[in-house]
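# Observations on the three-dimensional arrangement
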Amino acid sequence: MGWYLLRRAGAAVLVIFVASILVFLGVRALPGDPAVALAGEEASPQLIEAVRVQYGLNNPLPVQYFDYVSQLFRGNLGVSTQDKLPVTQIIGERLPITLELAALAILVAVLVGVGAGTIAAVRRGKPADYVANAFGLIGLSVPHFWLGLLAILVFAVGWGILPASGFVAFTTDPLDNLRRMILPALVLGTGFAAVLMRQTRSAMLTSLSADYVRTARAKGMAESRVVGLHALRNSLTTVVTVLGLQLGALISGAVVTEQIFVIPGFGKLTVDAVLARNYPVIQGVVLVTVVGYVVVNFLVDVAYAALNPRTRLVASANG
């Protein structure tokens, strides 16, 4: 187990290292002077020269990369060209909002997707199976922006039971925060739930036809224990894998969802930075996204090894 985790951690560090090189070269590959790109097109010559000195842009590329990594280890991602605030501070203010939205969306997806997939597999060929499959098909087919507009029209404009947009911090008013996050979480989690439902149903059907499940039933074990303790537990490895792989789709979905519901999160920050050609923020956002994606996949590997002992055995044999 320890060797397996060490190998996965080494692979994660290697990916982050390669990503840092690509992000570093990405800004330098932009047309024109990279100092102008980092300082902003409206920057004064003095500010451009200050940025050039700060990032050592007159030095060779390997030296610049070493300085860039040194700044990263000190937590310095540069300064926003729009409001002149440190990028670290801006991301630190926006990222928790998106993490809250993503956590609520994942909660919705797991509860609905895993629950519906389990019921569909246990009730295969019955009305509950058809309803769950219809939900999966609709969830995968409907785009986030259309579902978001429809939710606002029904729940905010029509029934008036939930706010249409805006954000209130959880520390300011927890109840109002949850009221404003319900619709975005449902919209963002619906497509994710559809994916989980289909994957869970497929994995559960395979597990329910396995020999160990037939043996458990032959011993007289209650059907609820057969499904919950044996079939569902072995199917969770598929669910955990899908959770990690869908993180990228969740972040891209958060960009659209935050724009629709006017939530000042990480996704809206990304869109605003791209529209304003705010390269330091774009550079910081990309790097933080890559690191988050790598960390989540590492945690998925850890969970995979914990849920499936064969993974640990294969890793130990290969090591």
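Keep in mind that what you see is a predicted model, and the values were worked out from it rather than measured.

### Considerations on the layout of surface pockets
Computed from the structure, the second largest pocket encloses a volume of approximately 340 Å³. Lining the second largest pocket are 14 residues, with I16, L72, F73, L287 and V291 positioned closest to its centre. Broken down by secondary-structure element, the contributors of at least two residues to the lining of the second largest pocket are helix 1 (2-28), helix 4 (61-73) and helix 13 (279-307). In terms of residue class, the lining of the second largest pocket is built from eleven nonpolar, three polar and no charged.

### Overview of the packing of aromatic side chains
Under the defined criterion, the tally for this structure stands at three aromatic pairs. Look at F24 and Y65: their rings are 5.5 Å apart centre to centre, the planes differ by 75 degrees, and that puts the pair in the edge-to-face class. Of the two residues, F24 is situated in helix 1 and Y65 in helix 4; the sequence distance between them amounts to 41 residues. You'll find F24 and Y65 in the same group, each marked buried. A centroid spacing of 5.4 Å and a plane angle of 90 degrees characterise the contact between F155 and W159, whose relative ring orientation is edge-to-face. A relative accessible area of 60% places W159 in the exposed class. Within the aromatic cluster, the residues linked to one another by ring pairs are F17, F24 and Y65.

### Structural notes on the packing of helix 5 (residues 87-122) against helix 6 (residues 127-141)
Closest axis-to-axis distance for the helix 5/helix 6 pair is 8 Å, and the angle between their directions is 145 degrees. The crossing of helix 5 and helix 6 is left-handed. Together, V112, A116, I119 and A120 of helix 5 and A128, D129, A132 and F135 of helix 6 make up the contact between the two elements. Grouping the amino acids of the contact of helix 5 with helix 6 by side-chain chemistry returns seven nonpolar, no polar and one charged.

### With respect to the side chain of Q71
With respect to the element layout, Q71 can be found in helix 4. Excluding anything up to four places from it in sequence, Q71 contacts Q54 and N76.

### Digging into the packing of helix 5 against helix 8 (residues 174-208)
Running from amino to carboxyl end, helix 5 crosses helix 8 at an angle of 35 degrees, the nearest separation of the two axes being 4 Å. Between helix 5 and helix 8 lies a crossing whose hand is right-handed.

### Remarks on a nonpolar patch on the surface
Where nonpolar side chains cluster on the molecular surface, the patch consists of F145, W146, L149, L150, L153, V157 and V256 and spans about 680 Å² of accessible area. Among the elements that make up the nonpolar patch, the one with the highest residue count is helix 7 (residues 144-158) (six residues). Within the secondary structure, L153 sits in helix 7.

### Re the nonpolar core
Nonpolar side chains tend to gather and get buried jointly when the protein is soluble and globular. Ranked by size, the top nonpolar core spans 26 residues in total, and within it L188, L196, L250 and F261 carry the most contacts. Sorting elements by how many residues they give to this core places helix 8 first, with nine residues.

### Digging into the environment of V239
Secondary-structure assignment places V239 in helix 10 (residues 223-245). Residues V239 and M197, spaced 42 residues apart in sequence, show a C-alpha to C-alpha distance of 9.1 Å. If sequence neighbours within four positions are ignored, V239 has contacts with V114, L196 and T200.

The rules we used
Residues numbered from 1 in each chain as written. Predicted model: local features only at pLDDT ≥ 70, side-chain atom pairs only at ≥ 80, totals over all residues. Heavy atoms only, no water. 1 Å grid on protein atoms, 1.4 Å probe; cavity = no way out; pocket = protein on both sides within 12 Å on 5 of 7 lines; lining within 4 Å. Points joined across faces, edges and corners; volume = space filled by probe spheres on them. Helix = DSSP H or I, 4+ residues; strand = E, 2+ residues; numbered from the N terminus. Nonpolar A, V, L, I, M, F, W, Y, C, P; charged D, E, K, R; others polar. Phe/Tyr/Trp six-rings, centres within 6.5 Å; stacked < 30°, edge-to-face > 60°. Buried < 20%, exposed > 50% of the residue type's maximum accessible area, 1.4 Å probe, protein only. Axes fitted to C-alpha atoms, helices over the stretch in contact; angles between N-to-C directions. Left-handed = near helix turned anticlockwise from the far one by under 90°. Contact = heavy atoms within 4.5 Å. Patch = residues over 30% accessible without salt bridge, like charges linked within 9 Å, V, L, I, M, F, W, Y side chains within 5 Å. Areas by Shrake-Rupley, 256 points an atom, 1.4 Å probe, with all protein chains shown as cover. Salt bridge = Lys/Arg side-chain N within 4 Å of Asp/Glu carboxyl O. Core = buried A, V, L, I, M, F, W, Y, C linked by side-chain atoms within 4.5 Å.

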